Amino acid sequence: MQVSADLSAGLTTGAATRRKITVLGAGAWGTAVAMALSARHDVLLWGRNSDAMAAMAASRENSYLPGFALPASLAVSADFDAAVAHATGDEALLIAACPVAGLRPLLQQLKHKTIPNLVWLCKGFENGSGMLPHQIVQQELGAGVPGGALSGPSFAQEVARALPCALTIASSDAQLRSKVVSALHGGTIRVYGSEDLVGVEVGGAVKNILAIATGVADGLGLGLNARAALITRGLAEITRLGLALGGQTATFMGLTGMGDLILTCTGDLSRNRKVGLGLAQGKPLDTIVAELGHVAEGVPCARAVRELARTINVDMPITNAVAGVLFDGDLPQAMVQQLLARDPRDEASGLA
């Protein structure tokens, strides 16, 4: 599969200074981001499995992203210390490209190391603590490390093909936002800045749960009307939780709210939608996850969000219904009936 070189060449490449960038995590998304940035920066991709990284270096292809040749300029390594040391200088970026479950262990490896500017790509709530990624970062590294969440509607395969996408870097640190936008914005990638770290992270997390719900509906043949209703009411659900946690309403109408929700609920490349489709077919969850071969963040996130919503008394009917199918043995058809049986209400009620 060839990268869309003609399209990429036809767009602006930006005027970013060449940076030292390390991507920690060699899954599909981390690899795609590393590939996209390697044309303009000195990028190193790190993975913890030394055998897999050696095979990647030899074949110049990642098994998590088959069919895409790694650029010659992209370095790969399983040496953690060397990978972190690669990202040197005030303008350097360290990008954590692991699932939420792997973020805390990765940060613990980073303690006592020099961290220039930290960006994380994971979307979800941590099981057990119910924390968002930025809260995990603060707990493990303290408040002194410049950091932010890079999120938005983006499938790894399309980024690897150099197809256009738009992302948001969210951080309370204006200098960090500026550095990330300067480094990443260009070619086929547009990057916007946001101060609303909570809102961006909530949108990126909960949309995965709603993609499972829409996958179930599609798998049961409930039609496009039902899909549209789930997406729209799902956005209301994201907004309720986000506002309760301190997010801003406008964020949920943007790339990391509505944009990411639409993509994940409708795109055939969506892992979480595939989980819902498998559930509708009656497949056991373990089988579905094994067949995916990738992490579907909506599965653990559904448990974490259900518990958090109960704790802070936020109504999350779709999330509760999905969690019932995933963890309580409820049938997918029962999930649909549960949602249809809810009492009528004004559409805008309960958003805050």
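Up top is the structure.
Let me sum up the structure you'll find in this document.

What counts and what doesn't
Residues numbered from 1 in each chain as written. Predicted model: local features only at pLDDT ≥ 70, side-chain atom pairs only at ≥ 80, totals over all residues. Heavy atoms only, no water. Helix = DSSP H or I, 4+ residues; strand = E, 2+ residues; numbered from the N terminus. Rg over C-alpha atoms; globule rule 2.2 N^0.38 Å. Buried < 20%, exposed > 50% of the residue type's maximum accessible area, 1.4 Å probe, protein only. Contact = heavy atoms within 4.5 Å. Areas by Shrake-Rupley, 256 points an atom, 1.4 Å probe, with all protein chains shown as cover. Lys, Arg positive; Asp, Glu negative; His and termini not counted. Charge placed at Lys NZ, Arg CZ, Asp CG, Glu CD. Phe/Tyr/Trp six-rings, centres within 6.5 Å; stacked < 30°, edge-to-face > 60°. Pairing = 2+ DSSP bridges. Core = buried A, V, L, I, M, F, W, Y, C linked by side-chain atoms within 4.5 Å. Axes fitted to C-alpha atoms, helices over the stretch in contact; angles between N-to-C directions. Expected span 1.5 Å × (residues − 1). Parallel < 35°, antiparallel > 145°, perpendicular 65-115°, else oblique. Left-handed = near helix turned anticlockwise from the far one by under 90°. Nonpolar A, V, L, I, M, F, W, Y, C, P; charged D, E, K, R; others polar. Right-handed = clockwise from strand over helix to strand, strands pointing away. Patch = residues over 30% accessible without salt bridge, like charges linked within 9 Å, V, L, I, M, F, W, Y side chains within 5 Å. Salt bridge = Lys/Arg side-chain N within 4 Å of Asp/Glu carboxyl O. Polar contact = N/O pair within 3.5 Å; in protein donor to acceptor, adjacent residues only side chain to side chain.

Within the protein one finds 16 helices and eight strands. Against the compact-globule benchmark of 20 Å for 352 residues, the protein has a radius of gyration of 20 Å, which places it among compact chains. The buried share of the protein, taken over its 352 residues, is 53%. In the protein, the share of contacts with a sequence separation of at least 24, taken over all contacts with a separation of at least 6, comes to 71%. When the accessible surface of the protein is split by element, carbon and sulfur atoms take 53% of a total near 14,900 Å². If the 27 positive side-chain charges of the protein are averaged to one point and the 29 negative ones to another, these points end up 2 Å apart.

So, about the packing of aromatic side chains. Tallied over the full model, the rule gives one aromatic pair. For the pair Trp 46 and Phe 80, a centre-to-centre distance of 5.1 Å together with 75° between the ring planes defines the contact as edge-to-face. With Trp 46 in strand S2 (residues 42–46) and Phe 80 in helix H4 (residues 80–86), the pair connects residues that are 34 residues apart, well separated along the chain. Residue classification places Trp 46 among the buried positions, given a relative accessible area of 5%.

The next point concerns helix H5 (residues 100–110). When H5 is considered as a whole, its buried residues turn out to be Val 100, Leu 103, Arg 104, Leu 106, Leu 107 and Leu 110. Contacts from the buried residues of H5 go to strand S1 (20–24), S2, H4, strand S4 (93–96), strand S5 (118–120) and helix H6 (133–141). One or two residues past the end of H5 sits His 112, with phi positive at roughly 70°.

Here the focus is the pairing of strand S7 (residues 165–170). Across a regular strand the side chains alternate sides, sitting on one face of the sheet and then on the other. For S7, a buried count of six out of six residues is recorded, marking the element as mostly surrounded by other parts of the structure. Judged by which residues are buried, S7 turns out to be covered on both faces: Cys 165, Leu 167 and Ile 169 on one side and Ala 166, Thr 168 and Ala 170 on the other are all buried. Of the strand pairs in this sheet, strand S6 (residues 147–151) and S7 are connected by three bridges, and their pairing is antiparallel. In the strand pairing of S7, Ala 149 is matched with Ala 170. Sheet topology places S7 next to strand S8 (residues 189–194); six bridges connect them, and they run parallel. Across the sheet, the residue bridging to Ile 169 is Gly 193, located in S8.

The nonpolar side chains of soluble globular proteins are, as a tendency, buried together. In this structure, Phe 125, Val 202, Val 206, Leu 241, Val 275 and Val 322 are the most contacted members of the largest nonpolar core, which totals 44 residues. Those elements that provide at least two residues to this core are helix H9 (197–219), helix H10 (224–244), helix H11 (255–266), helix H12 (271–280), helix H13 (285–292), helix H14 (298–312), helix H15 (317–327) and helix H16 (332–340).

Pairing is mixed across the open sheet formed by eight strands, whose spatial order is S3-S2-S1-S4-S5-S6-S7-S8. Whereas interior strands pair on both sides, the edge strands pair on one side only; in this sheet they are strand S3 (75–77) and S8. Mean inter-strand twist for the sheet, computed between neighbouring axes without regard to direction, equals 25°. Relative to S6, S5 runs parallel, the two sharing three bridges. The residue bridging Trp 120 from the neighbouring strand is Ala 149, located in S6. Against the sheet, helix H8 (residues 174–184) makes contact with S4, S5, S6, S7 and S8, and its axis sits at roughly 175° relative to S8, the strand it touches most. Sheet strands in contact with H9 are S5, S6, S7 and S8, and its direction is about 40° off that of S6.

What follows deals with H10. Each α-helix winds once per 3.6 residues, and so residues spaced three or four apart point in a common direction. Its 21 residues place the ends of H10 30 Å apart at the C-alpha level, agreeing with the 30 Å of an ideal helix rising 1.5 Å per residue. For H10, the complete set of buried residues consists of Arg 227, Leu 230, Ile 231, Gly 234, Leu 235, Ala 236, Glu 237, Ile 238, Thr 239, Arg 240, Leu 241 and Gly 242. Residues of H10 that are buried make contact with H9, H11, H12, H14, H15 and H16. Downstream of H10 by a residue or two, Gly 246 has a phi angle that is positive, lying close to 105°.

To continue, consider the packing of H9 against H11. The N-to-C vectors of H9 and H11 enclose an angle of 30°; their axes lie 8 Å apart at closest approach. Looking at the two axes, H9 sits roughly parallel to H11. Two packed elements cross with a definite hand, and for H9 against H11 that hand is right-handed. Two secondary-structure elements touch here, H9 through Val 200, Gly 203, Gly 204, Lys 207, Asn 208, Leu 210, Ala 211, Thr 214 and Asp 218 and H11 through Thr 256, Asp 260, Leu 261, Thr 264 and Cys 265. Taken together, the residues of the contact of H9 with H11 sort by class into five nonpolar, six polar and three charged.

Turning to the pairing of S4, a few remarks are in order. Burial along S4 is two-sided: the residues Leu 93 and Ile 95 and Leu 94 and Ala 96 are all buried. When S1 meets S4, the two strands line up parallel, connected through four bridges. By the bridge assignment for S4, Thr 22 is matched with Leu 94. Crossover S4 to S5 through H5 is right-handed.

Let's shift gears to a nonpolar patch on the surface. There is a patch of nonpolar side chains on the surface, built from Met 253, Met 258 and Ile 262 and spanning about 250 Å² of accessible area. Here Ile 262 shows up in helix H11. Residue classification places Ile 262 among the partly exposed positions, given a relative accessible area of 39%.

Moving on to the side chain of Arg 240. Relative to the assigned elements, Arg 240 resides in helix H10. A polar atom in the side chain of Arg 240 sits 2.9 Å from the backbone oxygen of Asp 315.

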